[in-house]
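Observations on the three-dimensional arrangement
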Amino acid sequence: MLPIESLERSLKERFPNAIMSRDKPRKSSGAWYLEMALDGHPVIVQWQESKGFGISSSPEPGYGEGADEIYRDEEAAFGRIVSLLLSRTFTSPPPAVSLRELRKESRLSQAELAEILNKQQGEISKIERRRDVLVSTLSDYARAVQGELQIVVRFRDGRIRRVELEADDSLEVHPHSAVGNQ
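None of these values were measured; they are calculated from a predicted model.

1. Some remarks on the overall build of the protein chain
Across its full length, the protein chain carries 6 helices and 7 strands. Traced from its N-terminal end to its C-terminal end, the protein chain shows the element sequence α-β-β-β-β-β-α-α-α-α-α-β-β. Relative to its full complement of 182 residues, the protein chain shows a buried share of 29%. When contacts within the protein chain are restricted to residue pairs at least 6 apart in sequence, long-range pairs at least 24 apart make up 37% of them.

Written as structure tokens, this is what we have:
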């Protein structure tokens, strides 16, 4: 039995009146989702083998945002879910951080990050101070600190959409173009 299935069983025993649904990932390496509500109070659990349990509870539905809180083991996740349901409270998304703070959380110096990114230390310092950074630079930075860059658009009506940037196909050579026939 997978940890998400065990968690679901424990929650059903603790809250027999809760409404629950579990979604299996399409790929075996993907994330499982357990959505539940007790007397209208929602909690969403995301579980992935190597990442643990992500938990979110919000008065507004938000899709594609990711979990507000992460718990490595089932017992801790169970305790937090019970607390959220009984107290009818909500989770809060983590506060925004600077690139410098991300690097420090990863226990990397600017010199170490520069080596990973094949840049000079001074370039890392400039990136961390800039207000306007290329998305590709942010993506490389995120991977270097063992993360993944995601871009979300939050609409006034509460909808949240994750943006997937398309590859730049404008540089492709087409067989009938002037460049292709030279």
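2. Quick word on the nonpolar core
Leu11, Met36, Val43, Val45 and Ile81 are the most contacted members of the largest nonpolar core, which has 20 residues in total. Listed by contribution, the elements that provide at least two residues to this core are helix H1 (3-14), strand E2 (32-38), strand E3 (41-48), strand E4 (52-56) and helix H2 (74-87). Of all the elements, H2 adds the most residues to this core, at 5 residues. The residues touching Ile81, leaving out its near neighbours within four places in the chain, are Leu7, Leu11, Met36, Val43, Val45 and Ile55. One finds Leu113, Ala114, Leu117 and Ile127 within the second-largest nonpolar core, a separate group that totals 11 residues.

3. With respect to the packing of H1 against H2
With their axes 10 Å apart at the nearest point, H1 and H2 run at an angle of 35° to one another. Between H1 and H2 the crossing geometry is right-handed. Contact residues: Pro3, Ser6, Leu7, Ser10, Leu11 and Arg14 in H1; Glu74, Phe78, Ile81, Val82 and Leu86 in H2.

4. Observations regarding the packing of aromatic side chains
One pass over the full model with this rule turns up 1 aromatic pair. A ring pair is formed by Trp47 and Phe53, whose centres lie 6.4 Å apart and whose planes are at 40°; its orientation type is tilted. Just as Trp47 is buried, Phe53 falls in that class too.

5. Considering H1
Three or four residues apart is the spacing at which side chains of an α-helix point the same way, because the helix has 3.6 residues per turn. Compared with the 16 Å implied by 1.5 Å per residue over 12 residues, the 16 Å span of H1 between its first and last C-alpha is a close match. For H1, the full list of buried residues reads Ile4, Leu7, Glu8 and Leu11. All buried residues of H1 fall inside an arc of 100° around its axis, so they share one side. On the buried face of H1, the contacting elements are strand E1 (19-23), E2, E3, E4 and H2.

Thresholds applied
- Residues numbered from 1 in each chain as written.
- Predicted model: local features only at pLDDT ≥ 70, side-chain atom pairs only at ≥ 80, totals over all residues.
- Heavy atoms only, no water.
- Helix = DSSP H or I, 4+ residues; strand = E, 2+ residues; numbered from the N terminus.
- Buried < 20%, exposed > 50% of the residue type's maximum accessible area, 1.4 Å probe, protein only.
- Contact = heavy atoms within 4.5 Å.
- Core = buried A, V, L, I, M, F, W, Y, C linked by side-chain atoms within 4.5 Å.
- Axes fitted to C-alpha atoms, helices over the stretch in contact; angles between N-to-C directions.
- Left-handed = near helix turned anticlockwise from the far one by under 90°.
- Phe/Tyr/Trp six-rings, centres within 6.5 Å; stacked < 30°, edge-to-face > 60°.
- Expected span 1.5 Å × (residues − 1).
- Arc of directions from axis to C-beta.

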